[in-house]
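# An overview of the molecular structure
So you can see what is in the structure, the chains are spelled out below.
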Number of protein chains: 2
Amino acid sequence: MVPESAPPGVALATDLYQLTMGAAYAALDMSGRATFSLFVRRLPANRSFLVVAGLSEALARLGALRFSPRELAYLRTLPQIRPDFVDRLADFRFRGDVWAVPEGRVVLADEPILEVQAPILEAQLAETVLVNALHFPTSVATKAARCVIAAPGRTLVDFGLRRTPGIDAGLSVARSCYMAGFAATSNLMAGQRLGIPVSGTVAHSFIEAFPSELEGFRAFASVYPGPVTLLIDTYDTLRGAEHAVEIALELRTRGGRVGAVRIDSGDLAALSVGVRRILDAAGLRDVQIIASGGLDEFELAKLAAAGARIDAYGVGTRVGTAADAPALDMAYKLVEYDGVPRLKLSEGKRTLVGAKQVWRRRGADGRFAGDVIAGRDEAAPGPDWEPLLEPVMRSGEVLVDPELAAIRSCHRAEMAGLPEPLLRLEGPGDYPVELSPGLAVRQAAAEAATRGREGL
Amino acid sequence: MVPESAPPGVALATDLYQLTMGAAYAALDMSGRATFSLFVRRLPANRSFLVVAGLSEALARLGALRFSPRELAYLRTLPQIRPDFVDRLADFRFRGDVWAVPEGRVVLADEPILEVQAPILEAQLAETVLVNALHFPTSVATKAARCVIAAPGRTLVDFGLRRTPGIDAGLSVARSCYMAGFAATSNLMAGQRLGIPVSGTVAHSFIEAFPSELEGFRAFASVYPGPVTLLIDTYDTLRGAEHAVEIALELRTRGGRVGAVRIDSGDLAALSVGVRRILDAAGLRDVQIIASGGLDEFELAKLAAAGARIDAYGVGTRVGTAADAPALDMAYKLVEYDGVPRLKLSEGKRTLVGAKQVWRRRGADGRFAGDVIAGRDEAAPGPDWEPLLEPVMRSGEVLVDPELAAIRSCHRAEMAGLPEPLLRLEGPGDYPVELSPGLAVRQAAAEAATRGREGL
């Protein structure tokens, strides 16, 4: 779905059980107010933080949660849903309150990313669309942010579209990458709809369509006399660099120039050094080297360590699929109903009861020094603590709608605050997240009460 | 995007360089016919075959490849694209020919899944939308097929939607899973739009909203007196099973019954045995046990090996994100232009030249015994060989449009032909794929000619 628009048909983008439960709540006249928390329980290996993304899409979906006549007709065909409930759905609207961590900010495991307060039917029907809206963008933004960490001072461009999980996923990837600090995307739809700068070079097929590489280069340069990018690894990368030099010298005589060369295969570090040498020997120090092909934060870090002479990277498939961590343990759990804290006791699946706030403190160096998860009604743990969650929807009305550029700026500032352990690419990192004494007491009481009620 | 419909705005779901190359072809009057092959170069670890999926979406996208006035207006703002070319795009249509392996069939590395023959501009503009249409569905259908292998005789249901990479990805996942033999999906949009049976139970939140588990069960059963499914792991799974027995006995007195219980956490194998014992002791042998939570083919195989007493599985996130292999090395490469075979020599990136066919032979046991990749104009390698690619589009007109049910049947037959090495879940498998002597000669000649031309 297109971020920042109301996606059509979003109401059926849900699990059947949301409606069977909804019908039961309706039949039982259970209209009490519920609080649900959306959070990630455990971070994947090699993730020490998450970058929140997808919130504007999530809110757009909540606003668009209504059932069309055709959708209602489909629901009437299902024996699993009570027909009287389907009639009621014709008027369904989400009119709840939502608090959330702004997009671009960093959260840790167990910290609520978003909380919904609404009559239980509305809050329940929001589950699938909300998790779906936040899960993938957050996975991708996190991986993109790690790429930015791994390639300081380098230009990163999203090349992911062809292998993203669908076209809408491609749009979402371009958005998450741009938010995380990428300079541009190859994705024209993202350029058109989200205003992200677009960038691109040329493919091997173009070179192959000519009798020789040199003729292919010359033809491309003849059409695009501005700063042209040449793809030099179709046949032999170093020979390709020599051909690029030849074209650059030809272009110079008519006022054009080669802006960059791209390498897409082989030992990128070694080849980049060889190509740089060839370019520099020809006086082409201003010609940049772009590399692509299977890159992610781990490859970028290896290239930096190997002394690669690469100015810009096209990062595609591995970020566009969040390849090493495509799934987050993101959950949306009931934490309060009718004023009573709720939780499950299922193994390894702790949920923190009640509406909450996350407070963050900075150290003397200006970097994040620790978080506290507290009840939302608690005061700040101290004078220097900043709250992460803010009201984003009230009675179904969206309260915030930041521009993508503003989210990108917010994210840049956020990353400047990351302490060293969270900047490491490997391992789980190390960052203190504690419960407030108030929440700890409330949590223990709720667990004890639940065990007591169940005779456990 | 919705499979089997013409997605709006698909033309801009492409990489900028497709249009810069297209503009260059137009400016240079290069309108020769090109052949491109779409294939997967190397299979991921623990994938010994791929299940083709996404073809109907791919063809729908080719048919929808046209530029709206608004899209053209956006393109005119880009300095990277020649304005005279943007004018030409107003009339752009894809009118090429396409051959492809039908959805549901099994392919191996290097085998063409789809080939396009069209004027080079059209064939080039098809690249991003085609790879994007086939990549994710094929990844997911392959993983889903492996789940079916790992859980023979068990019912599998797609629970993936909440963590799929977007809503359209969720639809695509439901379709790929159903094609691969899943019985149903929780995804209502997939039910409505694709006619896939829907299925679902109840969430922990429902149970938690009641003063006790037993009251939650009783309330749910009162609303749905038919065969009801109870979720029993909210607090303590074995105690939950006892509560389910209590409800089942209550329901029996008024003609209702408990159809199944679901377990979503803990040691599923051990718990299922304990739950089965409790149910059987109460004379409830017909109550099924459903399990869910982090399942994929590896977990399903472990549960079978551990003697789990589970009748049906809800399989979600790991299949819906193709979690252990979210990216395929799927490429779309120029293999012929203007009647001349084309290839690149980039390291580790072999492309097989010319239009091709894949031939498959069965052994005496009826199972696949080996494939041969040949030039498309070559005769079958022998009398018992079957071709995999078939014409699916001619001059831009779709030639085939199988129902999802037919694709599902085709896939079931296909899986019955898999030889034992390909049925193993781990390792790369072992299956002979050879080049025909004709293609081998053509390939060697093209490589030699290319090297010669480039002086390598």
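It should be noted that the structure appears before, not after, this text.
So, here's what we can say about the structure. All chains use their own residue numbering, which begins from 1 and follows the written sequence. Written order determines the labels here, with chains lettered from A and ligands numbered from 1. Note on the predicted model: pLDDT of at least 70 is required for a residue's local features to be given, and 80 or more for side-chain atom pairs to be given and counted; whole-chain, interface and lining totals, by contrast, use all residues.

## So, the relation of the copies chain A and chain B
Relative to chain B, chain A is turned by 180° and slid 0.0 Å along the rotation axis, the superposed coordinates differing by an RMSD of 0.0 Å. The transformation just described matches what one would write down for a two-fold rotation axis. Proximity to the rotation axis, assessed at the C-alpha, singles out A:P165 in chain A; its C-alpha lies 3.2 Å from the axis. What counts as a contact is two residues whose backbone-derived C-beta atoms lie within 7 Å of each other. Most of the interface of chain A is mirrored in chain B, where 99% of its interface residues are also at the interface. Here the copies are superposed with least squares, the fitted atoms being C-alpha atoms of residues at a pLDDT of at least 70 in both.

## Some thoughts on the interface of chain A and chain B
Every contact between the two is made by 91 residues of chain A and, on the other side, 90 residues of chain B. At seven residues, the largest contribution of residues to the side of chain A that touches chain B is made by helix α1 (residues 16-27) of chain A. Among the residues forming the side of chain A that touches chain B, the class breakdown is 43 nonpolar, 29 polar and 19 charged. Working definition: helices are DSSP H or I runs of at least four residues, strands are E runs of at least two. Numbering for both runs from the N terminus. In the scheme used here, Gly and all other residues not listed as nonpolar or charged are polar, with Ala, Val, Leu, Ile, Met, Phe, Trp, Tyr, Cys and Pro taken as nonpolar and Asp, Glu, Lys and Arg as charged.

## Describing the pairing of strand β5 (residues 114-119) of chain A
All names here are of chain A. Pairs of strands are assigned from DSSP output, requiring at least two bridges between the strands. The sheet contact formed by strand β1 (residues 33-40) and β5 spans six bridges and is antiparallel. Bridge pairing links F36 to V116 in β5. Relative to β5, strand β3 (residues 97-100) runs antiparallel, the two being bridged by four bridges. Pairing of A100 across the sheet is with L114, part of β5.

## Observations regarding the environment of A:Q443
Residue and element names in this part refer to chain A. Take Q443: it is sitting in helix α17 (residues 437-454). Any residue whose C-beta has 12 or fewer other C-beta atoms within 10 Å is treated as exposed, any with 20 or more as buried, and any in between as partly exposed, C-beta atoms being built from the backbone. By the C-beta count within 10 Å, which is 21 here, Q443 ends up buried. Taking C-alpha positions, Q443 is 9.9 Å from G375, a pair spaced 68 residues apart along the chain. With sequence-adjacent residues up to four places away left out, Q443 is seen in contact with L352, V353 and L435.

## Thoughts on the pairing of strand β9 (residues 257-263) of chain A
All names here are of chain A. Judged from the five bridges that link them, strand β8 (residues 227-231) and β9 form a sheet pairing that is parallel. Looking at the pairing, T229 lines up with A260 of β9. Classification remark: right-handed applies to a crossover when, strands pointing away from the viewer, the course from the first strand over the helix to the second runs clockwise. Assessed by its sense of winding, the connection that carries the chain from β8 through helix α11 (residues 237-253) to β9 is right-handed. Sheet topology places β9 next to strand β10 (residues 288-292); four bridges connect them, and they run parallel. Its bridge partner lying in β10, I263 is registered against A291. Taken together, β9, helix α12 (residues 268-281) and β10 constitute a β-α-β crossover, and its handedness is right-handed.

## Concerning the sheet that holds strand β16 (residues 385-387) of chain A
Residues and elements named next belong to chain A. Strands sit in the order β16-β14-β15-β19 across an open sheet of four strands; the sheet is mixed. Two strands in the sheet have a free side with no partner beyond their single neighbour: β16 and β19 (433-435). Strand after strand, the sheet turns through a mean of 30° between neighbouring axes, direction not considered. Relative to β19, strand β15 (residues 368-375) runs parallel, the two sharing three bridges. Residue I373 lies in a different strand from β19, and its bridge partner there is L435. Axes here refer to lines fitted to C-alpha atoms; in helices the fit is confined to the stretch in contact. Angles between the N-to-C directions go from 0 to 180 degrees. Lying on the sheet, α17 is in contact with β14 (356-362), β15 and β19; it crosses β15 at an angle near 45°.

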